[in-house]
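Here are the chains, one letter per residue:
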Amino acid sequence: MAIEKIDILLLGAGGREHALLKKLSESPRAGKLWVAPGNGGMLQLADVAPVNQEDAAGVAAWAAANGIGLVAIGPEAPLVAGVGDAVRAAGIPCFGPNGNAAQMEGSKKFAKEVMARANVPTASYQSFTDEAAAADYVRQLGGPCVVKADGLAAGKGVIVAANTEEALAGLHECFTGAFGDAGNLVVVEEMLEGPECSLLALTDGTTVVPLATSQDHKRALDGDLGPNTGGMGVYSPVPILLDGELEQMSAVMQRVVDQLRADGITYSGCLYGGFMLTKDGPKVLEFNARFGDPETQVVLPRMKADLVEAFLACDNGTLADVDIAWGDDWAVSVVLTSAGYPGSYEKGKVITGIADAEAMEGVTVYHAGTALDAEGNVLTAGGRVLDVTAVAPTFEAARAQAYAACDKIDFEGKTFRTDIGLKAILGRENL
Ligand code: AMP
Ligand code: GLY
C-alpha cells in the first residue's frame, strides 16, 4: 500500500523547531512542510505560512484552507494561547496540548496543585497575590528561597535568592510588573540542591513514553558563571544518574498525566519534566508543555522513530502502538551565540563554514537565530545563533567532535562556552 503523505505546519523559530522540522522531514509520511515564522535553517526545508503563530483562529483557518494534515506546535506561547484547541476544533490533527493542559507550564500554581494531588516530590511552596504577605513568608523562611512569577515570562521570572534581601528584591520586581501580568501571582518555594536533569516524554493522555535524559547549561560563562540564558549547551543521555532515578522520574511523568486525566484534562504532546537530583531523590523544579530548547537538539538526533507517526499517535490516542527506540550513542550540542548575549548584541553578521561543519561525521548544525538574505547567505539574527550537535559512540568523542565543528564555523562576535559536558565526565560525587 502506498504511504499516505500529509502536509505539515510547524510553529516556531528556534533551534528546537529546526531539530523538530528535520526529524519530521525524514519521515516517509512527510509531504509539503510549512513553518511560521521559521528561521534561516528551517527555510531550507520548508516554506513560510503567512500566519501569526499565536493567533489561534488564524492558524486553524489557514491550516484548513491549505489542506494541512498535522499542525505541530513548538513553543509555549501558542499552546497557552489555545492554538491546539482551535486546530483540533477545525478537525485537524495537532501535536501539542490544549490550553487547559498547557497550564502545566502556563501557571506554576496550577502545576504545583496537580503535583500535590499526584503525590509528586517537589519543593514546598506558598503562592501570593499580595507583596506584603509574600514578604512576611520570605522573612519567616529566613534564608535562601526561590521566587517565581506565576505565568509565562519567556524564561525569566525565576529568582534564585541566596538570602532574604535578594528574595524581597525579587518579590518587589514581580509585584511591580517586571514580568508583566505573569507576576500578579507569585510562588515562593524552598531552595533545592543537586544537579539538574531534564526528561521529555511523549504522551497521548494515557500512554507516556519517556524519551532520553538530557542536561542543559543555563549560565552564560564557563564554570556556570554569568547570567542565566536560554541555554548554552546540552548533552544526552545524562551519565550521572544513580540507580532508580530514571525510573522515579518516569513514574512522575506517568502520574502527572494520569492525574490530569482524572481531573478531566487530556494532556497530549510533549511533557517536559525539569528535575533536581536531590539527596532525597529527584524532585520537580518545573514542567513545560513542550519540547525543551536546546534539549531537543540532542534528544531527537538519538531517537529512532518516525516522528510524524509519533505526533499523529499522540493526537489520536494510539501512542502505545508506535515504536520508539534509542541507539547507545551520545550527543553533545554547543550553542554559538552573538557577543553580548544574553544582554544586547548585533545582528546581520554573515555566517560561514556551516557546510564544512556538517560534512564532519555525526555533526548537525541546527539554526536558532539566523535569517537568509536575498543571495541565500546565512546571517545572524538572534542571541543564540546555532546549535552545533555531534553524535558519537562515546561521550568524549561527541564532545570533541562538537567542538571541532564549532571551529569550522565563523561569524563576527562568535561566542561559546568551552566546558559543555565537562561536569558529566567528572562524575556525580564531584558535582
Ligand atoms: P524554572 O523555570 O522553574 O525551571 O526555573 C529555572 C531555573 O531556576 C531552574 O532550572 C533551576 O536552575 C532554578 N530553580 C528553580 N526552582 C528551584 C528550586 N526550588 N531550587 C533551586 N533552584 C531552582
Ligand atoms: N531548556 C529549558 C527549556 O526549554 O525551558
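Being a predicted model, the structure only gives us computed values, none of them experimental.

Caption draft 1: Highlighting unusual backbone geometry. Cis geometry is adopted by the peptide bond preceding Pro37, which originates at Ala36 and carries an omega value of -5°. Along the chain, the position of Pro37 falls in strand 2 (residues 30-37). The backbone phi angle of Asn119 is positive, close to 60°, even though this residue is not glycine. Within the element layout of this structure, Asn119 appears in the loop between helix 6 (108-117) and strand 6 (125-128).

Caption draft 2: A look at the site of ligand 2. Around ligand 2, the neighbouring residues are Asp216, Tyr272, Asn288, Arg290, Gly292, Asp293, Pro294 and Glu295. In this structure, an oxygen atom belonging to ligand 2 sits 3.3 Å away from a side-chain N or O atom of Asn288. At 2.8 Å, a side-chain N or O of Glu295 approaches a nitrogen atom of ligand 2. In isolation ligand 2 exposes 200 Å². Once the protein is present, 87% of that is buried. Its residues assigned to classes, the shell around ligand 2 shows two nonpolar, two polar and four charged.

Caption draft 3: Broad picture of the nonpolar core. Counting 75 residues, the largest nonpolar core has Leu9, Val71, Phe287 and Ile409 as its most contacted members. Residues within four places of Val71 in sequence aside, it is in contact with Leu9, Val59, Ala63, Val87, Ile92, Pro93, Cys94 and Phe95. Grouped together as the second largest cluster of nonpolar side chains are 38 residues, Ala19, Leu70, Phe291 and Ala310 included.

Caption draft 4: Spotlight on the pairing of strand 7 (residues 145-149). Counting buried residues in strand 7 gives five out of five residues, a clear majority hidden from the surface. Examined bridge by bridge, strand 7 and strand 8 (residues 158-161) share four bridges and lie antiparallel to one another. Residue pairing for strand 8: Cys145 is matched across the bridge by Ala161.

Caption draft 5: Looking closely at the environment of Leu221. Residue position: Leu221 is located in strand 12 (residues 219-221). Accessibility expressed as a relative area gives 47% for Leu221, which makes it partly exposed. Sequence separation between Leu221 and Thr418 is 197 residues; the distance between their C-alpha atoms is 8.7 Å. Among all residues touching Leu221, those that are not within four sequence positions of it are Gly226 and Arg417.

Caption draft 6: Just the packing of helix 1 (residues 15-25) against helix 11 (residues 307-316), in detail. One can describe the packing of helix 1 onto helix 11 by two numbers: an axis separation of 7 Å at closest approach and a directional angle of 105°. On the basis of their axis angle, the class for helix 1 and helix 11 is roughly perpendicular. Contacts between helix 1 and helix 11 involve Leu20, Lys23 and Leu24 from the former and Leu307, Val308 and Phe311 from the latter.

Caption draft 7: Summary view of the packing of aromatic side chains. Summed over the entire model, instances satisfying the criterion amount to nine aromatic pairs. Aromatic pair Phe95 and Phe291: ring centres 5.9 Å apart, planes at 35°, arrangement tilted. Of this pair, Phe95 sits in strand 5 (residues 94-95) while Phe291 sits in the loop between strand 16 (281-288) and helix 10 (296-299); the two residues are 196 residues apart in sequence, bridging distant segments of the chain. Ring centres 6.1 Å apart and planes at 45° place the aromatic pair Phe291 and Phe311 in the tilted group. Residue Phe291 is found in the loop between strand 16 and helix 10, and its partner Phe311 is found in helix 11; the two are separated by 20 residues along the sequence.

Thresholds, definitions, all that
Residues numbered from 1 in each chain as written. Chains lettered and ligands numbered in written order. Predicted model: local features only at pLDDT ≥ 70, side-chain atom pairs only at ≥ 80, totals over all residues. Heavy atoms only, no water. Helix = DSSP H or I, 4+ residues; strand = E, 2+ residues; numbered from the N terminus. Near = heavy atom within 4 Å. Polar contact = N/O pair within 3.5 Å; in protein donor to acceptor, adjacent residues only side chain to side chain. Areas by Shrake-Rupley, 256 points an atom, 1.4 Å probe, with all protein chains shown as cover. Nonpolar A, V, L, I, M, F, W, Y, C, P; charged D, E, K, R; others polar. Core = buried A, V, L, I, M, F, W, Y, C linked by side-chain atoms within 4.5 Å. Buried < 20%, exposed > 50% of the residue type's maximum accessible area, 1.4 Å probe, protein only. Contact = heavy atoms within 4.5 Å. Pairing = 2+ DSSP bridges. Axes fitted to C-alpha atoms, helices over the stretch in contact; angles between N-to-C directions. Parallel < 35°, antiparallel > 145°, perpendicular 65-115°, else oblique. Phe/Tyr/Trp six-rings, centres within 6.5 Å; stacked < 30°, edge-to-face > 60°.

From the geometry alone we can't say anything about function, so treat these as descriptive.
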